[in-house]
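Report on the structure
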Amino acid sequence: MSAFPHLLAPLDLGFTTLPNRVLMGSMHTGLEDGRKHFPAMAAFFAERARGGVGLMVTGGFAPNIEGWAKPFAGTLATSGAARRHKLVTDAVHAAGGRIALQILHTGRYGYHPLCVAPSRIQSPISPFTPRALGAGGIERQIRAFVRCARLAREAGYDGVEVMGSEGYFINQFLVTHTNQRTDDWGGSYENRMRLPVEIVQRVREAVGKDFILIYRLSMLDLIPDGSSWPEVVTLAKAVTAAGATILNTGIGWHEARIPTIATSVPRGAFAWVTKKMREELRAAGLTIPLVTSNRINMPEVGEQILADGCADMVSLARPLLADPGFVAKAKAGRSSDINTCIACNQACLDHTFQLKIASCLVNPRAGHETELVLQRAPARKRYAVVGAGPAGLAASTTLAERGHEVHLFDAAAQIGGQFNMAKKIPGKEEFSETLRYFGRRIEQAGVTLHLNTRATAEALVAGRFDAVLLATGVVARDPKIPGQDGPNVLSYIDVLLHGKPAGERVAVVGAGGIGFDVAEFLVTPAGHSPTLNLPEWLAEWGVADPATVRGGVVRAQPAPPARRVTLLQRKAGKLGRGLGKTTGWIHRAALQMKQVEMIGGVNYERIGPQGLFVTYGEKRQDGQLIECDTVVLCAGQEPLRELEAPLRAAGVAVHLIGGAHEASELDAKRAIDQGTRLAASL
Ligand code: FAD
Ligand code: NAP
Ligand code: SF4
């Protein structure tokens with residue numbers, strides 16, 4: 001008997017049966033946006049098809065130029081383009097998978113001057129003001145959707161997903177703050193929802209009965225004046241009647257100020273919304289399968305959601321970047337071998353915003369399947385890897401999997417390096433999953449692990465290794481502030497790793513990723529995390545039942561901070577500029593909710609028993625006292641490579657990776673990528 005009977009049960013769609021209840025949700029990988037990437041896209045999806053996922057949805061393809069996400073974004077509007085997609089569909093089918101193409105019209109979110117919308121209202125996330133469509137223009141958009149769906153079928157896709165959520169074009173017709181039309185496409189809700197209903201109806205007519213048509217429905221807009229619950233239910237019923245095969249859940253417009261997929265969002269945080277909809281539809285006698293999504297990253301989470309009757313399928317997007325073999329591992333009862341998505345967004349969504357190919361922090365092969373190939377080594381060699389942080393873990397396991405003998409040393413009693421601090425931050429609990437995963441990989445790959453062992457140059461020379469990989473990480477930068485030796489001064493390592501207590505009022509020196517995390521740690525009561533308590537998290541961010549308020553947004557009700565924290569940096573300007581594009585705003589908003597004072601442009605003059613003295617700019621006299629009981633230093637990091645010189649002097653081949661190689665702008669993404677790539681080449 002499977003541990004995941006609901007998750008792994010087949011789903012009969014009438015004309016076809018999906019092998020299980022896992023849908024790989026649409027993600028923009030960047031591979032859509034150029035013909036040259038199609039072989040990589042085919043390999044990307046084929047690898048996930050081999051991993052057993054029930055149905056996959058591509059990243060969004062625009063049905064026409066007006067629908068582009070950005071200039072020259074992937075578009076499916078001609079037979080020639082459809083022929084190119086055969087490479088993808090053939091590869092997926094050869095691997096035993098199924099794939100649907102997402103039709104994405106961005107409307108006023110389009111980052112280009114040709115964007116169109118129901119009304120001429122600029123969005124807060126694009127510098128371009130859309131052109132308001134006339135009736136003829138709307139008809140052209142509908143025809144483009146229909147043409148795109150027909151071409152998708154021609155290209156061999158098993159279906160299409162009509163993107164009707166996240167605040168894109170279709171969504172923009174539904175609510176009055178983006179649709180102020182007075183014609184047949186605006187005004188009453190019946191008029192506002194005409195666009196999606198016509199699209200679904202006409203797509204269904206064009207593609208025939210035996211073609212999957214997923215409609216992604218915005219069930220919770222998370223914007224003020226969003227759709228009301230009765231409106232969303234009305235639309236769900238109407239698109240079902242119009243011919244949708246499956247309803248997928250959309251949560252939050254892109255312009256919403258509530259996090260929906262970041263790591264601090266509780267697992268399965270929005271499954272209740274799909275459940276609410278499912279109950280409405282079942283009560284009306286509609287049996288259309290519903291898919292729920294957002295922060296479902298382990299089979300246990302998906303299984304529970306399905307067992308609770310929240311949905312008929314679960315959508316996992318990023319978790320399949322992290323581990324293409326997710327479903328196969330669940331099937332084999334090996335869920336503890338899954339490389340879990342930690343919802344950091346650092347290599348996927350952040351890359352998309354930086355116009356780079358999406359990948360994955362914990363799986364650098366994602367999106368690079370054709371280029372980062374891990375082959376068996378031609379000859380078995382002996383390697384020492386010093387440091388079991390992310391860089392050393394990635395390198396040692398990859399080397400061993402390729403057939404080498406590998407000895408991994410760490411001075412600490414556990415693997416993980418700085419991730420052992422990261423996982424203690426409220427809202428970053430997922431980081432421990434990466435350590436569980438690498439722990440399993442170490443065992444399976446046969447890496448010999450030497451914990452509690454500080455490697456010395458002498459021991460490494462005596463070990464006669466073919467090469468030594470130094471993954472020794474970093475040391476905290478010394479900010480050299482007069483008075484920092486006092487008893488009221490701690491480093492982030494003291495606070496996070498050694499559990500040294502901080503007082504009631506704390507000044508945090510340094511506002512990089514670690515300064516922000518330490519501030520979050522300090523404002524949260526010890527041992528507590530709203531991420532592990534869904535009702536509390538929803539209240540903190542002001543998410544409400546959409547049946548009580550349009551869009552499901554109310555006033556946020558954050559719990560009071562555990563202490564008063566002041567976060568400081570020397571640079572002038574807004575704090576947190578260097579944080580991730582898609583997560584920085586969440587960190588800033590979270591600290592603002594906890595009344596953290598953020599001060600930039602300071603000089604640290606000295607620390608005394610009363611607190612921290614700072615001055616501003618050129619004026620170095622009359623320092624201002626920031627009264628506090630504790631000062632926590634988070635002033636950046638320097639590489640630790642004390643073993644390099646003696647090893648090289650002894651003629652040992654040395655490779656530096658991770659923080660030992662370069663501490664500036666280091667993160668786990670770079671550490672794991674560098675460790676993996678080096679190990680792939682040795
Ligand atoms: P480290 O993780 O520093 O590991 C080095 C290891 O080497 C240590 O375990 C150490 O004990 C060992 N070592 C050193 N010398 C020796 C020796 N002589 N013998 C044996 N062992 C030795 N990054 C992100 O990408 N995203 C985040 O959200 C994020 N959050 C973070 C939050 C916090 C609070 C902290 C502290 C860091 C965070 N980071 C984050 C940074 C990330 O953890 C680091 O970039 C990453 O750990 C660097 O990996 P590394 O392998 O180079 O070094
Ligand atoms: P960081 O991001 O480089 O920030 C260092 C902070 O210290 C800055 O605010 C810097 O600002 C300040 N600083 C630098 N030199 C100083 C000095 N001599 N005296 C006083 N202040 C000084 O480094 P970090 O916060 O230590 O983080 C380490 C790495 O971990 C980062 O590269 C980061 O990417 C990664 N990380 C990422 C996340 C994430 O969520 N993605 C979270 C945590 C850590 P001023 O120079 O303006 O004072
Ligand atoms: Fe998940 Fe982070 Fe990988 Fe994106 S980069 S898939 S969020 S682990």
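Reading the values: rules and limits
Residues numbered from 1 in each chain as written. Chains lettered and ligands numbered in written order. Predicted model: local features only at pLDDT ≥ 70, side-chain atom pairs only at ≥ 80, totals over all residues. Heavy atoms only, no water. Helix = DSSP H or I, 4+ residues; strand = E, 2+ residues; numbered from the N terminus. Rg over C-alpha atoms; globule rule 2.2 N^0.38 Å. Buried < 20%, exposed > 50% of the residue type's maximum accessible area, 1.4 Å probe, protein only. Contact = heavy atoms within 4.5 Å. Areas by Shrake-Rupley, 256 points an atom, 1.4 Å probe, with all protein chains shown as cover. Lys, Arg positive; Asp, Glu negative; His and termini not counted. Charge placed at Lys NZ, Arg CZ, Asp CG, Glu CD. Polar contact = N/O pair within 3.5 Å; in protein donor to acceptor, adjacent residues only side chain to side chain. Phe/Tyr/Trp six-rings, centres within 6.5 Å; stacked < 30°, edge-to-face > 60°. Near = heavy atom within 4 Å. Axes fitted to C-alpha atoms, helices over the stretch in contact; angles between N-to-C directions. Parallel < 35°, antiparallel > 145°, perpendicular 65-115°, else oblique. Left-handed = near helix turned anticlockwise from the far one by under 90°. Nonpolar A, V, L, I, M, F, W, Y, C, P; charged D, E, K, R; others polar. Salt bridge = Lys/Arg side-chain N within 4 Å of Asp/Glu carboxyl O. Core = buried A, V, L, I, M, F, W, Y, C linked by side-chain atoms within 4.5 Å. Domains from an automatic or database assignment. Buried area = accessible area lost by both parts, 1.4 Å probe. Expected span 1.5 Å × (residues − 1). Arc of directions from axis to C-beta.

Scanning the protein for helices and strands turns up 22 helices and 27 strands. Expected size for 682 residues packed as a compact globule is a radius of gyration near 26 Å; at 26 Å, the protein falls within 12% of this value. For the protein, buried positions account for 60% of its 682 residues. Pairs at least 24 apart in sequence give 72% of the contacts found in the protein among residues at least 6 apart. Surface accessibility of the protein: about 26,300 Å² in total, with carbon and sulfur atoms responsible for 52%. Distance between charge centres in the protein, computed from 75 positive and 63 negative side chains, equals 4 Å.

Time to look at the side chain of threonine 29. Relative to the elements of secondary structure, threonine 29 occurs in the loop between β3 (22–24) and α1 (38–50). The exposure class assigned to threonine 29 is buried, which follows from its relative accessible area of 5%. Of the polar contacts made by the side chain of threonine 29, one reaches the backbone nitrogen of leucine 31; its length is 3.1 Å. Look past the residues within four positions of threonine 29 in its chain and what remains in contact with it is Phe44, Lys356, Ile357 and Ala358.

What follows is about the packing of aromatic side chains. All chains considered together, the criterion is met by nine aromatic pairs. Arranged with centres 5.2 Å apart and planes meeting at 75 degrees, the rings of phenylalanine 169 and phenylalanine 173 form a pair that is edge-to-face. Taken together, the residues phenylalanine 169 and phenylalanine 173, both in helix α4 (residues 169–174) and four residues apart, mark about one turn of the helix. Phenylalanine 169 gets classed as buried once you look at its relative accessible area, which sits at 0%.

Turning our eyes to something else, we now look at the environment of glycine 107. With respect to the helices, strands and loops of the structure, glycine 107 is situated in the loop between β5 (99–103) and β6 (116–117). In this structure glycine 107 comes out as buried when scored by relative accessible area, which is 0%. Once you skip the residues sitting within four places of it in the chain, glycine 107 turns out to touch Cys115, Val116, Phe169 and Gln172.

This part is about the site of ligand 1. Not every one of the 36 residues close to ligand 1 is listed here, only the nearest: Gln346, Asp410, Lys428, Gly659 and Ala668. Contact distances for ligand 1 include 2.7 Å between an oxygen atom and a backbone N or O atom of glycine 659. Expressed as a share of its isolated accessible area of 1,000 Å², the protein-covered part of ligand 1 is 92%. Of all the secondary-structure elements, those providing two or more residues to the shell around ligand 1 are α13 (390–401), α14 (419–422), α18 (513–523) and α22 (668–681).

We now examine unusual backbone geometry. Non-glycine residue phenylalanine 72 carries a positive phi angle of around 65 degrees. With respect to the helices, strands and loops of the structure, phenylalanine 72 is situated in the loop between β4 (55–61) and α2 (79–94). For aspartate 225, which is not glycine, the phi torsion reads 65 degrees and is therefore positive. Take aspartate 225: it is sitting in the loop between β9 (212–220) and α7 (229–242). Assessed through its relative accessible area of 47%, aspartate 225 is described here as partly exposed.

Let us now look at the packing of α1 against α2. In contact at an axis separation of 8 Å, α1 and α2 are set at 20 degrees when each is read in the N-to-C sense. As the angle between them shows, α1 and α2 are arranged roughly parallel. Considering the relative orientation of α1 and α2, their crossing is right-handed. For the pair α1 and α2, the contacting residues are Phe38, Pro39, Met41, Ala42, Phe45, Ala46 and Ala49 in the first and Arg84, His85, Leu87, Val88, Ala91 and Val92 in the second. Its residues assigned to classes, the contact of α1 with α2 shows 11 nonpolar, one polar and one charged.

Let us look at the site of ligand 3. For ligand 3, the full set of nearby residues is Arg318, Leu321, Cys341, Ile342, Ala343, Cys344, Asn345, Ala347, Cys348, Cys360 and Leu361. For the shell around ligand 3, the class distribution of residues is nine nonpolar, one polar and one charged.

Another point: the pattern of salt bridges. One pass over the full model with this rule turns up 35 salt bridges. Linking glutamate 47 and arginine 365 is a salt bridge whose minimum nitrogen-to-oxygen distance equals 2.9 Å. Of the two residues, glutamate 47 is situated in helix α1 and arginine 365 in the loop between α12 (349–353) and β13 (382–386); the sequence distance between them amounts to 318 residues. The class of arginine 365 is buried, set by a relative accessible area of 17%. The residue lysine 428 makes a salt bridge to aspartate 517 at a minimum N-O spacing of 2.6 Å. Of the two residues, lysine 428 is situated in the loop between α14 and α15 (431–445) and aspartate 517 in helix α18; the sequence distance between them amounts to 89 residues. We classify lysine 428 as buried; its relative accessible area is 17%. We classify aspartate 517 as buried; its relative accessible area is 11%. Connected through shared salt-bridge partners, Arg267, Arg295, Glu430, Glu433 and Arg436 make up one network.

The next subject is the side chain of glutamate 369. Examined against the element boundaries, glutamate 369 turns out to sit in the loop between α12 and β13. Within the structure, the side chain of glutamate 369 is placed 2.8 Å from the side chain of arginine 48, a separation counted as a polar contact. Side-chain polar atoms of glutamate 369 contact the backbone nitrogen of glycine 367, separated by 3.0 Å.

Let's shift gears to the nonpolar core. Buried together is how nonpolar side chains tend to be arranged in soluble globular proteins. Core analysis: the largest hydrophobic core is formed by 156 residues, its most contacted members being Tyr215, Phe270 and Met277. Not counting the four nearest positions on each side in its chain, phenylalanine 270 is found in contact with Leu220, Leu222, Ile251, Pro259, Thr260, Val265, Thr292, Ser293, Asn294, Trp537 and Val543.

This brings us to the domain arrangement of the protein. In terms of domain boundaries, the protein breaks down into domain 1 (11–353), domain 2 (382–473 + 639–681) and domain 3 (489–524 + 562–635). Here domain 1 and domain 3 have C-alpha centroids that lie 41 Å from each other. Listed as interface residues are 11 residues of domain 1 and, on the opposing side, six residues of domain 3. Where domain 1 abuts domain 3, roughly 640 Å² becomes buried across the two surfaces, and 68% of that area is made up of carbon and sulfur atoms. On the domain 1 side of the interface with domain 3, the three residues burying the most area are Arg257, Asp350 and Phe353, jointly 56% of the side's total. Counting the contacts that link domain 1 with domain 3 gives zero salt bridges. At the surface where domain 1 touches domain 3, the tally comes to two residue pairs in polar contact (both at pLDDT 80 or more).

Under the 1.5 Å per step criterion, the end-to-end length of helix α8 (residues 271–283) is 18 Å for 13 residues, consistent within 8% with the ideal 18 Å. Of the residues making up α8, those classed as buried are Ala271, Val273, Thr274, Met277, Arg278 and Leu281. Buried residues of α8, seen end-on, are gathered within an arc of 155 degrees and therefore sit on one face of the element. Packed against the buried residues of α8 are β9, α7, β10 (246–251), β11 (290–292) and α9 (299–307). Where α8 terminates, the next one or two residues include glycine 285, which has phi positive at roughly 80 degrees.

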